[in-house]
Amino acid sequence: FDQNLDAKEPATFPIDQLIPGSAEMALSMSQGAKWRFWIPARLAYGDQGNGTNVGPGELLVFEQELVGIVKPESPTEVTR
């Protein structure tokens, strides 16, 4: 449902905007690693699904390559 194979530049995603399963894998990967992994619905879109591309309760299969890590220009402030 999200493919970037034909793009000339890799896609960049803030880690806090990924589904929990994909974020967990990205944080476990080393730069240059390519992984295929399965994400259960509870770590993806749950029982609600995601529009027409991902149905309720679906298992997702990802192939993900970590090309590099881009650090934010300014640190994010957390207020409590």
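Here, every reference points to the structure presented above.
Remember, predicted model here, so these are calculated numbers, not experimental data.

Draft legend 1. Up close: the packing of aromatic side chains. Across all of its chains, the model carries 1 aromatic pair by this definition. On the basis of an interplanar angle of 10° and a centroid distance of 5.7 Å, the ring pair of F37 and F62 is categorised as stacked. One end of the pair, F37, is in strand β1 (residues 34–39); the other, F62, is in strand β2 (residues 60–65), with 25 residues separating them in the sequence. Judged by relative accessible area, F62 falls into the buried class, the value being 17%.

Draft legend 2. Spatial organisation of the environment of M25. Structurally, the position occupied by M25 is in helix α1 (residues 20–28). For the pair M25 and F37, spaced 12 residues apart in sequence, the C-alpha to C-alpha distance is 8.2 Å. M25 has contacts with W35, F37 and Q64, leaving out every residue within four places of it along the chain.

Scoring rules and cut-offs
- Residues numbered from 1 in each chain as written.
- Predicted model: local features only at pLDDT ≥ 70, side-chain atom pairs only at ≥ 80, totals over all residues.
- Heavy atoms only, no water.
- Phe/Tyr/Trp six-rings, centres within 6.5 Å; stacked < 30°, edge-to-face > 60°.
- Helix = DSSP H or I, 4+ residues; strand = E, 2+ residues; numbered from the N terminus.
- Buried < 20%, exposed > 50% of the residue type's maximum accessible area, 1.4 Å probe, protein only.
- Contact = heavy atoms within 4.5 Å.

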